[in-house]
Amino acid sequence: MHGNLPGLLIVEDEKNTRDGLRLALEDKFEIYLASDATAAWNIMETEPIDIMLTDLRLGVDSGLDLIGKTQTLSNPPVCIMMTAYGSVDGAVEAMKKGAYDFVTKPFNLEKLEILLLRALRSRRIEAENKELKQQLHQKYGMEKILGNSPLLRSILEKIQQVANSRASVLIEGESGTGKELAAQALHQLSSRKEKPLVTVHCAALAPQLLESELFGHEKGAFTGASERRVGRFEEAHHGTIFLDEISEIDASTQVKLLRALGERTIQRVGSNQTISVDVRVIAATNRNLEQMVRDGKFREDLFFRLEVVKLMMPPLRERKEDLPILIQAFVREFASEDRKSVSGLTSDALDAMFKYDWPGNVRELRMAIQHGVVLARGNLIALSDLPERIISPLLSPNGQVSGSSEKNMNLGEVERAYIMRALQLSDGNRTEAAQKLGISRRTLHRKIKDYQLDKS
């Protein structure tokens, strides 16, 4: 093995050809050999393959079929077909199946090596372009909603499904679960993304001021109205308005909001003029709005207008498998902000994070990591650096941490602990574990070998 060399899988049923290619190319590639399609597929399922060089005829198997099958992989290798039966038709068929190029036997080894390196460069450029597109999508999409748990993935899929609709969306969930981030994603993934996203925190304003905030007012409409003011609905014309803490609006404003949603018109306070507005409405609440309707505290007709589509943001305690991604993101953020070299948590600190129930959800986690980064004296956040409310449930009667064996681990040991935890939460599924850790499957595979976790 040659460390970080690109992986080349040679699929050839003739042993002499396989061995000759391996000897000729092993200085530039990490070589994997297979004599048939089944062996090749087994290798691709477990090993990081960048390029597959396959013969057209593999005994009873077809190299063309193998190339076609590789396209079902999440990260397929670049495929090059080799055959002694070269023809234009064969080359076209190979390209249709997804091949990068086509070579005929006997071939010049020097030219073959050049072709393989060119294919590798093409793969890297493609990967970079894909990453840039993902970054662009993330910048304007859902990048701030961190995690890969099934619960969160289902929410993100629903956001993508409904983002381009004009339908109103009601986002429910406990405080700190990311309702505002979901609203931002809905807007940024919609056709309205070039227009304003206007946020109104309904609980922050007195009822008499909220109506003016939403719909605007005319000069002299009430004491202190010294000039005309355009409301938030007008500001959001052709865009999106996000009504946070919608459950806190009073009965009078509920009536006027119902009209705005139903008729798509508003009237400024102190005016009889009707103004048409094209606004997509997203509302959020940390309360059970349906229960408030049953209790007579919220209008049923307004509730149905708001809840055309409902999103329920899950609490952090129900998606703890997302903790590693969230923790690392917040560590990087605050370490950079404070110009500290903190890179992770000790094993005991990480264990405490998993045992805690996070009533304040992601917002509380973020503040806990900031607390830890500020107090950390070395490269790692120790258990004693965490907020007391996280540590206190672990304390025994004598004030010591129950079962604690905290030690200062180096960065490699911390990374090993994260990987082990991700594998445990994924029941050994490496693809799922890689997603939880926010790394590629190939990187995870290499780290598992580096840390000898496959022997653990």
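Everything numeric in this text was worked out from a predicted model, so none of it was measured.

Brief notes about the overall build of the protein
No. 1: The secondary structure content of the protein amounts to 19 helices and 18 strands.
No. 2: Per-residue burial for the protein yields a buried fraction of 45% across its 456 residues.
No. 3: Once local pairs closer than 6 in sequence are excluded, the contacts in the protein between residues at least 24 apart make up 67%.
No. 4: Accessible surface computed for the protein: about 23100 Å², of which carbon and sulfur atoms make up 47%.

A few points about helix H8 (residues 207-215)
No. 1: Along H8, the residues classified as buried are Leu210, Glu211, Ser212, Glu213, Leu214 and Phe215.
No. 2: Immediately beyond the C-terminal end of H8, within one or two residues, lies Gly216, with a positive phi of roughly 80°.

Some remarks on the sheet that holds strand E3 (residues 51-55)
No. 1: As summarised here, the arrangement of the 5 strands in space is E2-E1-E3-E6-E7, forming an open sheet in which the pairing is parallel. Edge positions in the sheet fall to strand E2 (30-34) and strand E7 (101-104), since each has one partner strand and no second. Sheet twist, expressed as the average angle between the axes of neighbouring strands with direction ignored, equals 20°.
No. 2: Judged from the 5 bridges that link them, E3 and strand E6 (residues 78-83) form a sheet pairing that is parallel. Bridging from a neighbouring strand, Ile51 pairs with Val78 of E6.
No. 3: Relative to E2, helix H2 (residues 37-46) is tilted by about 145°, and along the sheet it contacts strand E1 (7-11), E2 and E3.

Thoughts on the nonpolar core
No. 1: With 39 residues, the main nonpolar core has Ile327, Leu345, Met353, Trp358, Leu365, Ile369 and Leu386 as its most contacted residues.
No. 2: Of all the elements in the fold, those that place two or more residues in this core are helix H13 (323-338), helix H14 (347-355), helix H15 (361-375), helix H16 (388-391), helix H17 (411-425), helix H18 (430-437) and helix H19 (441-450).
No. 3: Ranked by the residues each element gives to this core, the list is headed by H13, at 7 residues.
No. 4: Apart from the residues lying within four places of it in its own chain, the contact partners of Leu386 are Ala349, Ala352, Met353, Ala368, His371, Ile381 and Ile391.
No. 5: Core analysis: the next-biggest nonpolar cluster, separate from the first, contains 30 residues, Leu210, Leu214, Leu243 and Ile275 among them.

Details of the layout of surface pockets
No. 1: For the second largest pocket, the calculated volume is near 650 Å³.
No. 2: Gly176, Thr177, Gly178, Leu181 and Arg363 are the residues nearest the centre of the second largest pocket, which is lined by 28 residues in total.
No. 3: When residues of the lining of the second largest pocket are traced back to their parent elements, those giving at least two are helix H7 (179-188), strand E12 (240-244), H13 and H15.
No. 4: With 5 residues, H13 is the single largest residue contributor to the lining of the second largest pocket.
No. 5: Looking at side-chain class alone, the lining of the second largest pocket contains 11 nonpolar, 7 polar and 10 charged residues.

Section: the pairing of E1
No. 1: Along E1, 5 of the 5 residues are buried, which leaves the element largely enclosed by surrounding structure.
No. 2: Where burial is concerned, the two faces of E1 agree: the one with Gly7, Leu9 and Val11 and the one with Leu8 and Ile10 are both buried.
No. 3: The pairing of E1 with E2 spans 5 bridges and is parallel. The residue of E2 that forms the bridge with Val11 is Ala34.
No. 4: Each parallel crossover has a hand, and for E1 linked through helix H1 (residues 15-25) to E2 it is right-handed.
No. 5: Across 4 bridges, E1 lies against E3 in parallel orientation. Bridging across to E3, Leu9 finds its partner in Met52.

Here we look at the packing of H2 against helix H3 (residues 63-70)
No. 1: Close contact between H2 and H3 brings their axes to 10 Å; oriented N to C, the two are set at 20°. With respect to H3, the axis of H2 lies roughly parallel. Crossing hand, H2 versus H3: right-handed. In this structure, H2 contributes Ala37, Ala40, Trp41 and Met44 to the contact, and H3 contributes Leu66, Lys69 and Thr70.
No. 2: Class assignment of the residues belonging to the contact of H2 with H3 gives a composition of 5 nonpolar, 1 polar and 1 charged.

Some details on the packing of H13 against H14
No. 1: At a closest axis distance of 11 Å, the pairing of H13 and H14 adopts a crossing angle of 125°. The orientation of H13 with respect to H14, classified from their angle, is oblique. In the crossing of H13 with H14, the sense of the turn from one axis to the other is right-handed. Across the interface between the two elements, Leu323, Pro324 and Ile327 of H13 pack against Leu350, Met353 and Phe354 of H14.

Digging into the packing of aromatic side chains
No. 1: Enumeration over the complete set of coordinates arrives at 3 aromatic pairs.
No. 2: On the numbers, 5.5 Å between centres and 25° between planes, the contact of Phe215 with Phe233 is stacked. Of this pair, Phe215 sits in helix H8 while Phe233 sits in helix H9 (residues 232-235), placing them 18 residues apart in sequence.
No. 3: Taking relative accessible area as the criterion, Phe215 reaches 3% and is therefore assigned buried.
No. 4: If you follow Lys69 out to its NZ or CZ, it ends over the ring of Trp41, 4.4 Å from the centre.

Observations regarding the pattern of salt bridges
No. 1: By the definition in use, this model includes 29 salt bridges.
No. 2: Here Arg229 ties to Glu213 by a salt bridge, and the two come within 2.9 Å at their closest N and O atoms. Residue Arg229 is found in strand E11 (residues 229-230), and its partner Glu213 is found in helix H8; the two are separated by 16 residues along the sequence.
No. 3: Judged by relative accessible area, Glu213 falls into the buried class, the value being 12%.
No. 4: Counted as one network, the salt bridges with shared partners bring together Glu213, Arg229, Arg232 and Glu235.

Thoughts on the pairing of strand E16 (residues 309-312)
No. 1: Side chains of E16 alternate between two faces, with Val309 and Leu311 buried and Lys310 and Met312 left unburied.
No. 2: Two elements, strand E8 (residues 169-172) and E16, share 4 bridges in a ladder whose sense is parallel. When the sheet's bridge partners are listed, Ile171 is paired in E16 with Leu311.

Procedures and definitions
- Within every chain, residues take consecutive numbers counted from 1 along the sequence as written.
- Predicted model: local features are reported for residues with pLDDT of at least 70 only, side-chain atom pairs are reported and counted for 80 or more only, and whole-chain, interface and lining totals are derived from all residues.
- Each side-chain value is derived from all of the structure's non-hydrogen atoms; neither hydrogens nor water enter the calculation.
- Put simply, DSSP H or I for four residues or longer makes a helix, DSSP E for two residues or longer makes a strand, and each gets a number counted from the N terminus.
- The cut-offs for exposure are 20% and 50% of the maximum accessible area for each residue type, with area from a 1.4 Å probe on protein chains only; residues under the lower value are buried, those over the upper are exposed, and the others partly exposed.
- We call two residues contacting when some pair of their heavy atoms lies within 4.5 Å.
- For every accessible area listed, the method is Shrake-Rupley and the probe measures 1.4 Å; residues are considered covered only by the protein chains on display.
- In this analysis, strands are considered paired if DSSP registers two or more bridges between them.
- Under this scheme, a helix contributes an axis fitted over its contacting stretch, all axes are lines through C-alpha atoms, and angles between N-to-C directions fall in the 0 to 180 degree range.
- In this description, a nonpolar core means a group of buried Ala, Val, Leu, Ile, Met, Phe, Trp, Tyr and Cys residues linked to one another through side-chain atoms lying within 4.5 Å.
- Residues are said to line a cavity or pocket when one of their atoms sits within 4 Å of a point; the points come from a 1 Å grid over protein atoms alone, cavities being sets where a 1.4 Å probe fits but cannot get out and pockets being open sets with protein on both sides within 12 Å along at least five of seven lines.
- Grid points are joined across faces, edges and corners, and a volume is the space filled by probe spheres set on the points.
- Side-chain classes are defined by residue name, with Ala, Val, Leu, Ile, Met, Phe, Trp, Tyr, Cys and Pro counting as nonpolar, Asp, Glu, Lys and Arg as charged, and the others, Gly among them, as polar.
- Throughout, right-handed denotes a crossover for which the path from the first strand over the helix to the second runs clockwise when the strands point away from the viewer.
- What sets the label is the angle itself: under 35 degrees gives roughly parallel, over 145 gives roughly antiparallel, 65 to 115 gives roughly perpendicular, and the rest give oblique.
- Should the near helix be turned anticlockwise from the far one by less than a right angle, the crossing is left-handed, and should it be turned clockwise, the crossing is right-handed.
- Centres within 6.5 Å make a pair out of two Phe, Tyr or Trp rings, where for Trp the six-membered ring is used; the pair is then stacked when the planes are under 30 degrees apart, edge-to-face when over 60, and tilted otherwise.
- Definition used: whenever NZ (Lys) or CZ (Arg) falls within 6 Å of the ring centre and also within 35 degrees of the ring normal, the charge is taken to sit over that ring.
- Each reported salt bridge corresponds to a side-chain nitrogen of Lys or Arg within 4 Å of a carboxyl oxygen of Asp or Glu.

From the geometry alone we can't say anything about function, so treat these as descriptive.
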